[in-house]
Every structure is written in C-alpha cells, then in structure tokens.
Amino acid sequence: GPGSVVMELGADIGALVLYTPPGLDGEEIEISRDDDPGARRTHSQVRARPLPGQTRYAAVYPGLRAGSYTIWRDGRTPAAAVSVTGGQVSSCQWPE
C-alpha cells in the first residue's frame, strides 16, 4: 500500500519528493550527494500517493542533509539534479 512517511526536518536536514510518471510505480530510484562521489547512494521506491481527486506517483527521501544531489536513471546515468534545503521539503519532477 501507499504507507506513510515521517518527515523530520531540521536546520541542516531536509527531504525530497520525486514525482514520477505512473510507469515507474514500484521502481527503486537512487540519489547521491554531489559533494561526496564515493558515498553510498540512497534509494526509495516509487509508490502511488492518493490525493483528493487524483493519484500521484512519487519516491520520498526523508532525512537528507542539505546540499546538491544527483538523481540516477540507472547505475551510471544521471537523470536530474536537485538541491535539498534544510528545514524544507524539496520536490522534483522525473525528466521525460
């Protein structure tokens, strides 16, 4: 099911909501910090997110340190770049 996500935000901690097309439902999408190329990637599963009058598909990444991130299309191909701001929920749309 859609589940729920707890967003703990702070001075240097933000979150990211990555909106995707329905065709990515169930896929795991990885992100990584730009300032630490050797760091492990973080992943999240795309899920249906029911809203009043519509359903959106999104992967949610809570508890991210503020900074610039790369969203990965696959193991080697970047899909997009996004900035996460402390104390806020950032959002990004999957590129077509």
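The structure we're discussing is the one just above.
None of these values were measured; they are calculated from a predicted model.

## Quick word on the environment of Asp25
(1) Moving on: For Asp25, the position within the fold is in the loop between β1 (13–20) and β2 (28–33).
(2) Moving on: Each C-alpha atom, one on Asp25 and one on Gln45, is 7.8 Å from the other, the two residues being 20 residues apart in sequence.
(3) Moving on: When near neighbours in sequence (up to four residues on either side) are disregarded, Asp25 contacts Val46, Arg47, Ala48 and Tyr57.

## What about the sheet that holds β1?
(1) Moving on: Strand order across the open sheet formed by four strands is β4-β5-β1-β8, with mixed pairing between neighbours. The outermost strands of the open sheet, each flanked by one partner alone, are β4 (47–51) and β8 (89–93). Between one strand axis and the next, the sheet turns through 40° on average, direction left out of account.

## So, the nonpolar core
(1) Moving on: Counting residues in each nonpolar core, the largest one holds 18 residues, and the members touching the most others are Leu16, Leu18, Ile29, Tyr61 and Ile71.
(2) Moving on: Counting residues per element, the ones that place at least two in this core are β1, β2, β5 (54–65), β6 (67–72) and β7 (78–84).
(3) Moving on: Look past the residues within four positions of Leu16 in its chain and what remains in contact with it is Ile31, Ala59, Val60, Tyr61, Leu64, Ile71, Val82, Val84, Ser90, Ser91 and Cys92.

## Overview of the pairing of β7
(1) Moving on: As paired strands, β6 and β7 are joined by six bridges and run antiparallel to one another. Across the sheet, Ser68 pairs through a bridge with Ser83, a residue of β7.

## Structural notes on a nonpolar patch on the surface
(1) Moving on: A grouping of Val5, Met7, Leu9 and Val89 is seen on the molecular surface, where their side chains present a nonpolar patch of about 290 Å² in accessible area.
(2) Moving on: Here Leu9 shows up in the segment before β1.
(3) Moving on: Residue classification places Leu9 among the partly exposed residues on the basis of a relative accessible area of 40%.

About the criteria used
Residues numbered from 1 in each chain as written. Predicted model: local features only at pLDDT ≥ 70, side-chain atom pairs only at ≥ 80, totals over all residues. Heavy atoms only, no water. Helix = DSSP H or I, 4+ residues; strand = E, 2+ residues; numbered from the N terminus. Contact = heavy atoms within 4.5 Å. Pairing = 2+ DSSP bridges. Axes fitted to C-alpha atoms, helices over the stretch in contact; angles between N-to-C directions. Core = buried A, V, L, I, M, F, W, Y, C linked by side-chain atoms within 4.5 Å. Buried < 20%, exposed > 50% of the residue type's maximum accessible area, 1.4 Å probe, protein only. Patch = residues over 30% accessible without salt bridge, like charges linked within 9 Å, V, L, I, M, F, W, Y side chains within 5 Å. Areas by Shrake-Rupley, 256 points an atom, 1.4 Å probe, with all protein chains shown as cover. Salt bridge = Lys/Arg side-chain N within 4 Å of Asp/Glu carboxyl O.

Distances and angles like these do not, on their own, reveal function.
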